[in-house]
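# Overview (structure and organization)
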Amino acid sequence: MIQTDILIIGSGIGGLTTAIKIAEARPDLKVTVLTKTIEGESNTRYAQGGVAAVWDANVDSFAKHKEDTLDAGDDLCDEKIVDIVVQEGPDRVREIIEWGARFDKKKNDSNYDLGREGGHSENRILHYKDLTGWEMQRALSSKADQLPNIIIHEHYFAIDLITQHHLGYAVTRMMRDVECYGAYALNKQTHEIETFLARSTVVATGGVGQVYRATTNPVIATGDGIAMAYRAKAWTENMEFVQFHPTALYNPGGDNPVFLVSEAVRGFGAILKSREGEEFMEKYDPRKSLAPRDIVARAIDNEMKIRGEECMFLDCRHLEEEAFIGHFPTIYEKCKSIGIDPMKDLIPVTPACHYMCGGIKTDAEGRTSINRMYAVGECSSTGLHGANRLASNSLLEAMVFAQRIAGDVLQKVDQWQIQTGIPNWNASGTTDPKEMVLITQSIKELKETMSSYVGIVRSNVRLKRALDRLELLFHETEDLYNTTTLSPQLCELRNLITIAYLITRSANMRKESRGLHYTTDYADKLPFVHSIVL
Ligand code: FAD
Ligand code: SIN
């Protein structure tokens with residue numbers, strides 16, 4: 001058994017920022033970070049567009065950023081949380097700059113080059129070329145390395161959160177006194193399951209994109225933290241709001257994850273068009289190619305269906321070549337690598353699963369419904385995003401909540417003791433898997449089901465079909481889980497099934513179309529606003 005003061009599961013922006021804040025304030029506390037592959041592999045690393053923050057008070061204001069966030073969120077945002085994130089955000093950005101993160105400045109000018117993305121009424125996106133997440137992850141890792149009381153365990157796959165359940169007590173979602181004592185984690189190098197006991201646990205496991213066939217999220221994004229929290233009887237909310245990014249590069253038979261063509265490219269002047277070069281966005285929204293994501297993704301999906309096409313196109317040909325390549329070197333190179341010259345050809349694009357707006361329900365300090373347990377970053381549902389996240393608000397949210405969680409933990413940590421009497425993981429009665437194909441095939445079936453029936457456009461019939469198929473996959477997988485030695489693949493399948501269930505069940509319960517949840521059976525919004533909590 002490994003004892004630590006604070007256990008943080010995940011080493012993306014949410015996990016590392018929380019670790020740094022706690023470790024810096026209290027060098028006497030041991031902060032242990034688990035990460036399922038290498039420290040730098042995360043959704044954070046792939047962020048392109050940037051981080052939204054009110055930077056130039058002469059032009060921009062908190063009120064405008066708030067208004068844009070609320071508008072994108074389609075009346076489901078928590079206004080108090082929006083105020084917190086918008087107002088505290090710039091300080092957090094300044095802080096990561098102090099820790100070494102670089103953002104692009106204007107040519108011949110010391111001011112930051114602020115970009116624009118869909119749904120923003122002002123230029124307020126700080127970015128580092130089209131590699132903002134890579135740069136932020138780099139700065140965080142290097143800062144964390146300087147703090148000796150942060151211990152990072154790579155290749156540790158957290159399997160389950162530990163609560164009173166593991167002491168033999170019945171735990172339900174309705175109980176107010178569930179407590180988290182740490183987590184079991186599979187050491188992928190020794191194949192042993194180790195017990196991590198902590199005074200407080202922070203879940204920072206990121207997104208769920210791998211539940212769909214086409215996603216911009218890396219293969220680590222299997223919703224482990226949300227699934228673990230749900231099993232531990234934490235509350236989740238807003239899981240029906242899955243954000244599809246409108247412009248992933250269309251590259252049939254190509255990559256997992258699919259390559260993103262940042263919204264910042266449209267912010268830079270690129271225009272969505274059909275194969276024939278016809279603009280179509282004005283039919284859907286006066287903001288055209290820069291409307292919020294839910295609107296643009298649905299519009300592209302609709303045009304593809306009407307025209308019988310597998311993609312729509314981004315036209316960058318009118319943009320200035322040197323400036324385009326300077327801003328988007330990675331996107332330019334990727335397009336060239338598959339035979340598309342963005343300066344001469346239309347770039348084929350298609351929507352792909354990108355971001356989970358819901359997750360583990362937290363309050364304004366990042367506390368979950370389980371005591372001593374926090375959630376930060378994409379796995380959390382703080383109330384900021386509502387029914388649709390505004391572009392580039394995610395990195396900002398993670399930094400703001402990391403700071404707030406650290407503040408709460410630091411106030412309370414001395415009152416919490418490590419729980420004794422927790423049993424080691426019991427693997428008796430299980431044997432090594434005989435056929436991995438049982439797992440890989442189920443993952444394929446799951447992705448097909450979600451992509452076909454719980455995508456951008458939903459209906460009662462489609463959701464019912466999905467739920468029926470998920471039930472079968474669930475039972476087959478639980479049988480495997482009860483009889484087979486645990487592997488990361490089996491754990492991920494099990495977690496993805498839980499995520500799929502939460503998305504589909506919540507979608508089925510929402511009898512209206514709002515934000516990212518669009519159903520042909522209830523095309524209008526209900527007159528009242530509510531969250532679905534499971
Ligand atoms: P992540 O960065 O995903 O980190 C999760 C961590 O948890 C990883 O270290 C992972 O290994 C670990 N983990 C997961 N499961 C386990 C487990 N079972 N055991 C142990 N460790 C585990 N947002 C913006 O604001 N601006 C952008 O420009 C932007 N662009 C994006 C572009 C792309 C292609 C993608 C995919 C996302 C983008 N986003 C953007 C969204 C944003 O990057 C993410 O929401 C954010 O980085 C999530 O940070 P996080 O710390 O919550 O999770
Ligand atoms: C992008 O660069 O288009 C992604 C931005 C985001 O997801 O916030």
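Residues numbered from 1 in each chain as written. Chains lettered and ligands numbered in written order. Predicted model: local features only at pLDDT ≥ 70, side-chain atom pairs only at ≥ 80, totals over all residues. Heavy atoms only, no water.

### Let's talk about the overall build of the protein
Scanning the protein from terminus to terminus reveals 14 helices and 18 strands. Its C-alpha atoms give the protein a radius of gyration of 22 Å, within 12% of the compact-globule value 24 Å for 534 residues. Overall size of the protein, expressed as C-alpha extent along the three principal axes, is 65 × 50 × 50 Å. Within the protein, the proportion of its 534 residues that are buried is 60%. Partitioning the contacts of the protein with sequence separation of at least 6, the portion at a separation of at least 24 is 76%. (Helix = DSSP H or I, 4+ residues; strand = E, 2+ residues; numbered from the N terminus. Rg over C-alpha atoms; globule rule 2.2 N^0.38 Å. Buried < 20%, exposed > 50% of the residue type's maximum accessible area, 1.4 Å probe, protein only. Contact = heavy atoms within 4.5 Å.)

### Brief notes about the pairing of strand β12 (residues 312–315)
By the alternation rule, side chains of β12 split into M312 and L314 and F313 and D315, which are all buried. Across 3 bridges, the pairing between strand β11 (residues 271–273) and β12 is antiparallel. By the bridge assignment, I271 is partnered in β12 with D315. The sheet contact formed by β12 and strand β13 (residues 347–356) spans 3 bridges and is antiparallel. In the sheet register, L314 faces β13, and the bridge partner there is I347. (Pairing = 2+ DSSP bridges.)

### Thoughts on the environment of E322
The residue E322 is located in helix α9 (residues 321–327) in this model. Residue classification places E322 among the exposed residues on the basis of a relative accessible area of 58%.

### Overview of the packing of aromatic side chains
Tallied over the entire structure, the rule returns 7 aromatic pairs. Taken together, a centroid distance of 6.5 Å and an interplanar angle of 80 degrees make the contact between F103 and Y112 edge-to-face. Exposure remark for F103: the relative accessible area of 6% places this residue in the buried category. Given the relative accessible area of 16%, Y112 is considered buried. For the ring pair F324 and F328, a centre distance of 5.3 Å and an interplane angle of 55 degrees mean the geometry is tilted. Residue F328 is classed as buried on the basis of its relative accessible area of 4%. Pairwise contacts between aromatic rings join W55, F103 and Y112 into one cluster. The ring of Y230 has R173 sitting right over it, with the charged end atom 3.9 Å from the ring centre. (Phe/Tyr/Trp six-rings, centres within 6.5 Å; stacked < 30°, edge-to-face > 60°. Lys NZ or Arg CZ within 6 Å of the ring centre and 35° of its normal.)

### Section: the site of ligand 1
Neighbouring ligand 1 are 38 residues; T44, G50, A158, E378 and S394 lie closest to it. For ligand 1, an oxygen atom lies 2.6 Å from a polar atom in the side chain of E378. Relative to its free-state accessible area of 1000 Å², ligand 1 is covered by the protein chains to the extent of 98%. For the shell around ligand 1, the elements supplying multiple residues, two or more each, are α1 (13–25), β2 (31–35), α2 (43–46), β6 (156–162), β13 and α11 (394–412). Within the shell around ligand 1, the residues separate by chemical class into 13 nonpolar, 20 polar and 5 charged. (Near = heavy atom within 4 Å. Polar contact = N/O pair within 3.5 Å; in protein donor to acceptor, adjacent residues only side chain to side chain. Areas by Shrake-Rupley, 256 points an atom, 1.4 Å probe, with all protein chains shown as cover. Nonpolar A, V, L, I, M, F, W, Y, C, P; charged D, E, K, R; others polar.)

### A closer look at the packing of α1 against α11
At a minimum axis distance of 8 Å, the contact between α1 and α11 shows a crossing angle of 35 degrees. Crossing of α1 against α11: the hand is right-handed. Seen from α1, the contacting residues are I13, G14, T17, T18, K21, I22 and A25; seen from α11, they are L395, A398, M399, A402, Q403, I405, A406, V409 and L410. Tallied by class, the residues present in the contact of α1 with α11 amount to 11 nonpolar, 4 polar and 1 charged. (Axes fitted to C-alpha atoms, helices over the stretch in contact; angles between N-to-C directions. Left-handed = near helix turned anticlockwise from the far one by under 90°.)

### Notes on the sheet that holds β11
The sheet built from 4 strands is open, its strands ordered β10-β13-β12-β11 with antiparallel pairing. Looking at strand neighbours, the two that pair on one side only are β10 (242–249) and β11, the edges of this open sheet. On average, each strand axis in the sheet is tilted by 45 degrees relative to the strand beside it, whichever way the strands run.

### Focus on the site of ligand 2
Close to ligand 2 lie Q48, G49, E117, H245, L260, S262, E263, R293, H354, R389, A391 and S392, which account for all nearby residues. For ligand 2, an oxygen atom lies 3.0 Å from a polar atom in the side chain of R293. In this structure, R389 approaches ligand 2 through a side-chain N or O atom, which is 2.7 Å from an oxygen atom. Burial of ligand 2 by the protein amounts to 92% of the accessible area it has alone, namely 260 Å². The residue makeup of the shell around ligand 2, split by class, is 2 nonpolar, 6 polar and 4 charged.

### Here's the deal with the nonpolar core
Membership of the largest hydrophobic core comes to 65 residues, with the highest contact counts inside it found for L161, V211, Y212, I226 and I503. Here this core gets 10 residues from one element, more than from any other, and that element is helix α14 (residues 488–509). Contacts of I503, omitting those with residues within four sequence positions, involve V211, Y212, M239, E240, V242, M356, M450, V454 and R458. Listed in part, the 53 residues of the second largest apolar core include I8, I150, L384 and W416. (Core = buried A, V, L, I, M, F, W, Y, C linked by side-chain atoms within 4.5 Å.)

### With respect to helix α13 (residues 460–483)
Between its first and last C-alpha, α13 extends 35 Å over 24 residues, near the 34 Å set by a 1.5 Å rise per residue. If you check which residues of α13 are buried, you get L463, A466, L470, L473, T477, E478, L480 and Y481. Those residues of α13 that are buried lie in contact with β6, α12 (437–453), β17 (457–458) and α14. (Expected span 1.5 Å × (residues − 1).)

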